[in-house]
Amino acid sequence: MRTRVGIIGGGPAGLLLARLLHRAGVDCVVLESRTREYVEQRQRAGMLEQGTVHALHEAGAAERLQAEGLVHQGIELRFARERHHIDFPALTGGRTVTIYAQTEIVKDLVALQLADGPPLLFEAEALAVEKPESQTPVVRFLHEGREQTLTCDWVVGCDGFHGISRDAFPAEVSRSYAHDYPYSWLGILAEVPPSGAELIYARGEHGFALHSMRSPTVSRLYLQVPNDTDPDDWPDDRIWDELAARFAIDGDWTLHRGPVTAKSVTPMRSYVHEPMRHGRLLLAGDAAHIVPPTGAKGLNLAVSDVRVLARALTTLFRTGDTQLLDRYSELCLQRVWQATRFSDDMTRMLHTQPNGDAFDARMQLARLRRITASRHAAAELAANYSGLPLPV
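Just so you know, these numbers come straight off a predicted model, no measurement behind them.

Enquirer: I would appreciate a short explanation of the side chain of Thr294 in the present structure.
Expert: Looking at where Thr294 falls in the secondary structure, it is placed in the loop between strand 19 (289–290) and helix 8 (298–319). A polar atom in the side chain of Thr294 sits 2.7 Å from the side chain of Thr347. In contact with Thr294, other than residues within four places in its own chain, are Trp185, Tyr201, Phe208, Met268, Ser343, Met346, Thr347, Leu350 and His351.

Enquirer: Before we go on, may I ask you to explain the environment of Leu324 in this structure?
Expert: As for its position among the elements, Leu324 is in helix 9 (residues 323–326). Residue classification places Leu324 among the buried positions, given a relative accessible area of 17%. Along the chain, Leu324 and Pro354 lie 30 residues apart, while their C-alpha atoms are 44 Å from each other. Every residue in contact with Leu324, bar those within four places of it in the chain, is listed here: Val308, Arg311, Ala312, Leu331 and Val392.

Enquirer: Please clarify how unusual backbone geometry should be interpreted in this entry.
Expert: When glycine is set aside, most residues are seen to have a negative phi, and most peptide bonds are trans. Each neighbour pair has its own omega, and for Glu274 with Pro275 the value is -5 degrees, a cis peptide bond. With respect to the secondary-structure elements, Pro275 resides in the loop between strand 16 (260–274) and strand 17 (277–278). Even without being glycine, Arg81 reaches a positive phi, approximately 65 degrees. On the secondary structure map, Arg81 appears in the loop between strand 5 (74–79) and strand 6 (82–87). Overall, Arg81 belongs to the partly exposed group, its relative accessible area being 45%. Notably, Asp228 is not glycine yet its phi reads approximately 70 degrees, a positive angle. Within the secondary structure, Asp228 is located in the loop between strand 15 (218–225) and helix 7 (236–247). Note on Asp228: relative accessible area 78%, which makes it exposed.

Calculation rules
Per chain, the residues get numbers from 1 upward, laid out in the order the sequence is written. Where totals are concerned, whole chains, interfaces and linings use all residues; where local detail is concerned, this predicted model gives features only for residues with pLDDT of at least 70, and gives and counts side-chain atom pairs only at 80 or more. The side-chain quantities take in all heavy atoms of the structure and omit both hydrogens and water. What counts as a helix is a DSSP run of H or I of at least four residues, what counts as a strand is a run of E of at least two, and both are numbered from the N terminus. By the criterion applied in these results, polar contacts are pairs of N or O atoms within 3.5 Å in which, for protein atoms, one can donate a hydrogen and the other can accept it, and in which residues neighboring in sequence qualify only through two side-chain atoms. Residues are treated as being in contact if the distance between any of their heavy atoms lies within 4.5 Å. When accessible area is computed with a 1.4 Å probe and restricted to protein chains, residues below 20% of their type maximum are described as buried, those above 50% as exposed, and intermediate ones as partly exposed.

In structure tokens, the structure reads:
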């Protein structure tokens, strides 16, 4: 097989890149190791920055998003049994965020890709990227029981943290920065209407809790738990009781309870790989960086990578200009590190520290008080949460 751009990974980053390139007239092929059913059912993030919403419109993949997405004007912070609303439009000049599950984004993009897009091969396991320094890098992959090759002008690794793309970077040019947090998230999906109109970030005496939603009838909630927690040790009633305790405020508010349909534990970590380009191999999304989910940046960072990359590749193939592509890694990493900083700040401010003392707790409360008492501090949070502008 031969194509201009070979894309490894059929998650939101790879699929969105394929749609943007296809609409710009650039040939590409997407290789996804999993089945279509698996890809369309993976539970992931659901908070979209305004720039991510714009990118989906640009890709022609926003019809259902526009009809079913839940536009939010801000978030609520809870601590010391108080509630504080952070008004995004008032603090950012009108920006909002939208709740629309990543599973639905993937379904929308897959349907478009299979209907009129470039090739999308499921159960096509990428084995290696060869000759990334050459003019024609090659992806070896396994599909339909036999090994095949895809020869490309460029290869883009959108295959996540555990993919093979990053392995093709020579050790002498690779730098990685990582931090593992001493706690995890126990997350549930529940068939129950949300208990509030917006996301609730709560710092309780026993840990962090997050109230989110997937639709008007499905809630998504999280609890801070110790690392290596077994979800089976948390029966449904225990989860609901702990959530109610951490969200508790002085005043009227009730946590709606309902049937739990999914339960999982997610470790918390930060990771950045530099650079994001080697020769004609480029990384995007989780293949290059991971952030803790507290700041809701993971999916949105992947989309911002793809928007820069689609523009750079389109410019190259239309005009021969390589300037933007040559700066791809530099430009994306500027935004990646700012999102990593913001996610780390949110995480440390809201989670109780396993080995923390009374001083640590007071510092967390002081940071929260600063945000809720200072328009300048609240505006900085709102600007980062709703999405910093693209660097190009």
